[in-house]
Amino acid sequence: MPDAPERTTSPDEPRFRYTPTLAQQIELRWQDIWEERGTFHAANPQGRLTGPGGSPAAGDPYFIMDMFPYPSGAGLHVGHPLGYIATDVTGRFRRMRGDNVLHALGYDAFGLPAEQYAVQTGQHPRTTTEANIGNMRRQLRRLGLGHDSRRTFATIDPEYVRWTQWIFLQIFESWYDADAERPGPVTGAGDGRGRARPIAELRAELAAGTRPVPGHDGDNAGGAVWAALSEPEQRDVIDGQRLAYVDSSPVNWCPGLGTVLANEEVTADGRSERGNFPVFQRNLRQWKMRITAYADRLTDDLELIDWPEKVKSMQRNWIGRSTGANVRFDVVGTAEGDPAGAAGSLEVFTTRPDTLFGATFMVVAPEHPLLDEVPAAWPDGTRSAWTGGYDTPVEAVAAYRREASAKTAVERQADAGKKTGVFTGHLAVNPVSGLQVPVFTADYVLMGYGTGAIMAVPGGDERDFAFAEAYDLPVIYTVEPTGGLPEDHTGAYAGDGVAVRSANDEISLDGLGVVEAKAKIIAWLESKNIGEGTTTYRLNDWLFSRQRYWGEPFPVVWDEDDRPVAIPDAMLPVDLPDVPDYAPRTFDPEDANSEPEAPLGRNDDWVHVTLDLGDGPKKYRRDTNTMPNWAGSCWYYLRYLDPAETSAAALPELEKYWLGPQHNPTSGPAGGVDLYVGGVEHAVLHLLYARFWHKVLFDLGHVTGVEPFGKLFNQGYIQAYAYTDSRGQYVPAEEVEGDEQSGFTWQGQPVNREYGKMGKSLKNVVTPDEMYEQYGADTFRVYEMSMGPLDLSRPWETRAVVGSQRFLQRLWRNVVSEETGELTVTDDEPDTATLRAVHRTIADVRVEMENMRPNTAIAKLITLNNHLTGLSAVPRTAVEPLVLMTAPIAPHIAEELWSRLGHEESLAHAPFPAADDQYLVQDTVTCVVQVQGKVRARFEVAPDISAEDLEATALAEPNVVKFLDGRGVRKVIVRAPKLVNIVPA
RNA sequence: GCCGGGUUGGCGGAACAGGCAGACGCGGCGCUCUCAAAAAGCGCUGCCCGCGAGGGCGUGUGGGUUCGAGUCCCACACCCGGCACCA
């Protein structure tokens, strides 16, 4: 039986009780008043955006931001607004403290789900997306968020797209000069060198001959080498240096979605994060961004920002910096009739160059180019176990490569640890020992990391050891702990120790520790020009194109030589064309050999154009890719400064004021948004990409700080229980009865409880609209904020919401008569106990709010409110501070009470109460007496009691005497006035 | 395996800097008001023993430091999240 006692106003309920109906009236009215008065308008230091009533900027700028929503068609559930309420509470608090608070909300509206939803409903994505934004705006407005409505926008707005494309072109028209001096803070081991510079400067330096021509030998003095190149050759050189570039390399192709994806959008088991389709590695010509040029700065500058350690470490891991050396091994032609002859050299990356003497074989990834040619016959000494049963290396390698490419990421992962591989027939020369070592190919070496080849040191690496064991390869231990390895030692030794067996005629590492040995061998390798110290990253360049309709078109056309040409700024934005069909061309998810087909290519008139880009009308082909939806979220914080600005993405003066380094007392040297709240799911996606773009913009002089987000806060998620019946079907959660002890039932039958997300299919969704209806927005806000600390995930429990409602009802009743609606407060002086309670609460609530702990702030407000409830009459001077302190959390009821208390101005800008110290001192405090650490007595004493008096009083306590039980006193610890601890003899 | 976070009543959670464990809320129990119920108000509510005064136990487990440990140190177990054959 559903038990749903609808809580509506019953006839005999007092007329002026704070009911859901009244709450709703109050809330809607104040929302209109705020909007009319522009209460939450933040004032820019200059220009058209001013504060409430046209006021100029005053107070410290404080920029607070949410990760903006993606307007899906599903609507909101009660979990979504959690972060928005939290930022609103903080913003309202800071505003009352006198800060100039910038808080607004835009919409992240391009992307796959919006497109899929549109395809499903058969409407244009713009239509459905705009409808979704409208719906979401309505639901959020009802929450009473104190946003500056003049500053909202969506990433699909043509003016916004224009600047997204402009930033793309800034990146396209830049290159990374690793030697250029860089302004701004120096972090990590960095030398403050390396920054993006305009391509025009590169071209000028190449022409002037002050810089060698990349990829072309010869002395470019006077620009001779450069001048000798043809114009197309020059353009190829330039295009190869751009921070946004097109190249053909292995990318993630997802036939099920019909698009390529960035590494960050592919899960560890090789599937698309969205849709969970298989992803295949394919060589395709695609746009990339040279994020790897920023790998060091992206790692090191994490020191400058106040972010959760978890997110910082996820970014560090993702970038995956490791230092070591590249070492080149000569590869020898071996068998007679080997067509390859001397096959040149094989370069490996190692973090342990000090173990070079222990390299007894080598391994290259199956995709490694060395395998394109292998010896025709097995060299002498080839063991049968190495050949995989094939007669020639050619067959063996071909078979292994086939096998490896057919393996999915899942299989590859499942096989991790189990070593497979095959001898390639190649032999290489260990440059320090002179030994010829066999070159294997095995899939435990990845082409995408380092050089795709390793020197295998089975004595020092577990994986190499496992391979050596499987293929019967020699093991040399070159590092031993002091005292040597035990007789029965088996497996690799990867621990600390000193080098042994590591000497030749020219160099000896023996006796050196790992660190010293590394330095020495690197110096030696460099002197012989067979290797050098280097740093490698797990991070790869960011794949930036998508074969989708619903995204920003690239502001680039291709000329008749098939080289990219930027669209001039004045011709931006490049709008999305009308196409007959905007659905992506998707394929059988398993069909790795399908080819991406961009929907923008379906409009010939749009694709093939004649444009005058400054050198007369010419024929061009437009780029038919679109940008990933991360593009819009990479810079939206800048647009809040003034979304209507037409001369720049963001005006420098505004950027400096709101985002620059030290723009307020708590802003750090990197500057950035003062508080950025959102879920942790974007740790290596949006948050990494946005930092990258920001650094490019910094290098090019468009922003003054090196980081976009000074402080990041990850809010927890609201979870919910879901229930399944005996067949495993979900049943409506709101109709389930019972509890943990008695068990849960639905319509009389026992059901199973699960804990997790809220979702339609789980039949446990609770919507904000239901909460507005049944309790009002203020109660909903109080409940969400009181559930626990903001960074913790916790279960939603609708029946507990009533506690928050009772609090507000009691607060209402402390000011207004439920019977008559008249004000009930008195102008009498509060008694001392009340004054103390008020000022204690003020002092505490300030601290809790400063530290973003609304849950404990609410607890203290409730305590004060309950104290006032117990009084025969509530003094105005006691309840007014309470109303003000409640305002950030429950703003509507607070405004209403404030206005009924006779104040004409909104309290949104009223000063937050300040505690008067004289009421914070108690005239008595409770002293606790412990005997051996256990509390045995307590009594009231004056706060300034002397240690001697306190000790004497404590020792005289009857219960203390009883527990001392005649034993003497060994020691007395006195912490006047609160504690005495007596240690018996 | 590595990295990050966590484990406190029936439930969500408090506890500043090592000093009264369990604030506040939900739920539960009792009382007041009421013809009755709801709402509201008041009181109690960690577990165990005891009529009571009171006592014993108690913050995942085991040890340690300390006059005193939820808090600090060591070891372990379990849970959540991330990464994972990254050379």
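Not measured: the values here are computed from a predicted model.

Participant: Hey, could you run me through the sheet that holds strand β31 (residues 934-941) in this one?
Facilitator: Spatially, the four strands line up as an open sheet ordered β31-β30-β33-β32, and their pairing is mixed. Sheet topology places β31 and β32 (969-975) at the edges, where each strand pairs with a single neighbour. The sheet shows a mean angle of 15° between the axes of neighbouring strands, taken without regard to direction. Judged from the six bridges that link them, β32 and strand β33 (residues 979-984) form a sheet pairing that is antiparallel. Each residue of the ladder has a partner; that of Lys-971, found in β33, is Val-983. Against the sheet, helix α27 (residues 947-956) contacts β30 (925-931), β31, β32 and β33, and its axis sits at roughly 125° relative to β32.

Participant: How should the sheet that holds strand β5 (residues 244-254) be read in this particular structure?
Facilitator: Neighbouring strands of a sheet are bound in pairs by backbone hydrogen bonds; such pairs are parallel or else antiparallel. Strand order in this open sheet of four strands is β6-β5-β7-β17, and the pairing throughout is antiparallel. Lying at the two open borders of the sheet, with one neighbouring strand each, are β6 (259-261) and β17 (542-543). Bridging between β5 and strand β7 (residues 280-289) involves ten bridges; their strand directions are antiparallel. Bridge pairing in β7 links Asp-247 to Gln-286. Along the sheet face, helix α5 (residues 158-172) touches β5 and β7 and points at about 95° away from the line of β7.

Participant: Is there a simple way to explain the packing of aromatic side chains in this structure?
Facilitator: Here the structure, examined in full by the defined rule, presents 49 aromatic pairs. Taking the centre distance of 5.2 Å and the plane angle of 50° together, the rings of Phe-153 and Tyr-640 count as tilted. In this pair, Phe-153 is assigned in the loop between α4 (125-141) and α5 and Tyr-640 in the loop between α17 (636-639) and α18 (652-659), connecting sequence segments 487 residues apart. The residues Phe-153 and Tyr-640 share a single accessibility class, namely buried. Between the aromatic rings of Phe-423 and Phe-440, the centroid separation amounts to 5.6 Å while the plane-to-plane angle is 45°, which identifies the pairing as tilted. Linking Phe-423 in strand β11 (residues 422-429) with Phe-440 in strand β12 (residues 436-441), this pair joins segments that are 17 residues apart in sequence. Phe-440 carries the same exposure label as Phe-423, and that label is buried.

Participant: Can you help me understand the protein's contact with RNA strand B in this one?
Facilitator: Around RNA strand B, the structure places 56 residues, and the nearest of them are Thr-351, Lys-419, Tyr-449, Arg-463 and Asn-981. Near the protein, within 4 Å, the atoms of RNA strand B are sugar or phosphate in 65% of cases. Within the backbone of Tyr-444, a nitrogen or oxygen atom sits 2.7 Å from a sugar or linking oxygen of RNA strand B. Considering only residue class, the surface near RNA strand B consists of 21 nonpolar, 16 polar and 19 charged.

Participant: Explanation requested: the nonpolar core in the structure shown.
Facilitator: Ranked by internal contacts, the top residues of the largest apolar core, which has 184 residues, are Phe-63, Phe-168, Trp-542, Phe-544, Trp-693 and Trp-796. Among the domains, domain 1 (56-169 + 630-714) and domain 3 (766-919) are the pair contributing at least three residues each to this core. Among residues more than four places away in sequence, those in contact with Trp-542 are Ala-262, Trp-287, Lys-288, Met-289, Ile-291, Pro-628, Trp-630, Cys-634, Tyr-689, Phe-692 and Trp-693. If you look at the next biggest cluster of nonpolar residues, it comprises 30 residues, including Ala-453, Ile-507, Ala-517 and Trp-524.

Participant: What exactly am I supposed to notice about the pairing of β11 here?
Facilitator: On any regular strand, side chains alternate: one points to one face of the sheet, the next to the other face. Of all eight residues making up β11, seven are buried, and the element is well covered by its neighbours. Bridge count between strand β8 (residues 322-332) and β11: three bridges; the pairing is antiparallel. For Val-332, the partnering residue across the bridge sits in β11 and is Leu-427. Between β11 and the antiparallel strand that follows it, β12, lie six residues; Gly-434 among them carries a positive phi value of about 75°.

Participant: Looking at this structure, I do not really get the pattern of salt bridges. What am I missing?
Facilitator: For side chains of opposite charge, pairing can occur when their charged atoms come near one another. On inspection of all chains with the given rule, the structure shows 60 salt bridges. As a salt-bridge pair, Arg-321 and Asp-300 come within 2.8 Å of each other at their nearest N and O atoms. Pair noted here: Arg-321 is in the loop between α10 (309-319) and β8 and Asp-300 is in helix α9 (residues 295-300), with a separation of 21 residues, a long-range link. Asp-300 sits in the buried class, given a relative accessible area of 7%. A salt bridge links Arg-328 to Glu-347; its shortest N-O distance comes to 2.8 Å. Of this pair, Arg-328 sits in strand β8 while Glu-347 is found in strand β9 (residues 344-350), placing the two residues 19 residues apart along the sequence. Assessed through its relative accessible area of 21%, Arg-328 is described here as partly exposed. Judged by its relative accessible area of 27%, Glu-347 falls in the partly exposed class. Members of the salt-bridge network, linked through shared partners, are Asp-177, Arg-197, Glu-201, Glu-205 and Arg-211.

Reading guide: rules and limits
- Every chain begins its residue count from 1, and numbering advances along the sequence as written.
- The lettering of chains begins at A and the numbering of ligands begins at 1, in the order of writing.
- Two thresholds apply to this predicted model, a pLDDT of at least 70 for residue-level local features and 80 or more for giving and counting side-chain atom pairs, whereas whole-chain, interface and lining totals are computed over all residues.
- Processing note: side-chain calculations cover all non-hydrogen atoms of the structure and skip hydrogens and water entirely.
- In this scheme, strands are said to pair when DSSP sees at least two bridges between them.
- Helix and strand assignments come from DSSP, with helices taken as H or I runs of at least 4 residues and strands as E runs of at least 2, each series counted from the N terminus.
- Between N-to-C directions, angles cover 0 to 180 degrees, with each direction set by a line fitted to C-alpha atoms, over the stretch in contact for helices.
- Note on definitions: a residue-residue contact is assigned when non-hydrogen atoms from the two residues lie within 4.5 Å.
- Stacked, tilted and edge-to-face are the three classes applied to pairs of Phe, Tyr and Trp rings, where Trp contributes its six-membered ring and a pair requires centres within 6.5 Å; stacked means planes under 30 degrees apart, edge-to-face means over 60, and tilted covers the rest.
- Exposed residues in this analysis have more than 50% of their type's maximum accessible area, buried residues have under 20%, and partly exposed residues fall in between, with area computed by a 1.4 Å probe over protein chains only.
- Any residue with a non-hydrogen atom lying within 4 Å of a molecule or strand is treated as near it.
- Between N or O atoms, a polar contact is any pair within 3.5 Å; within protein, one atom must be a potential hydrogen donor and the other a potential acceptor, and residues adjacent in sequence are included only when both atoms are from side chains.
- Residue classes follow a fixed rule: Ala, Val, Leu, Ile, Met, Phe, Trp, Tyr, Cys and Pro count as nonpolar, while Asp, Glu, Lys and Arg count as charged, and any other residue, Gly among them, counts as polar.
- Among buried residues, the Ala, Val, Leu, Ile, Met, Phe, Trp, Tyr and Cys ones that are joined through side-chain atoms within 4.5 Å form a nonpolar core.
- Domains are outlined according to an automatic or database domain assignment.
- Salt bridges are defined by distance alone: a side-chain nitrogen of Lys or Arg within 4 Å of a carboxyl oxygen of Asp or Glu.

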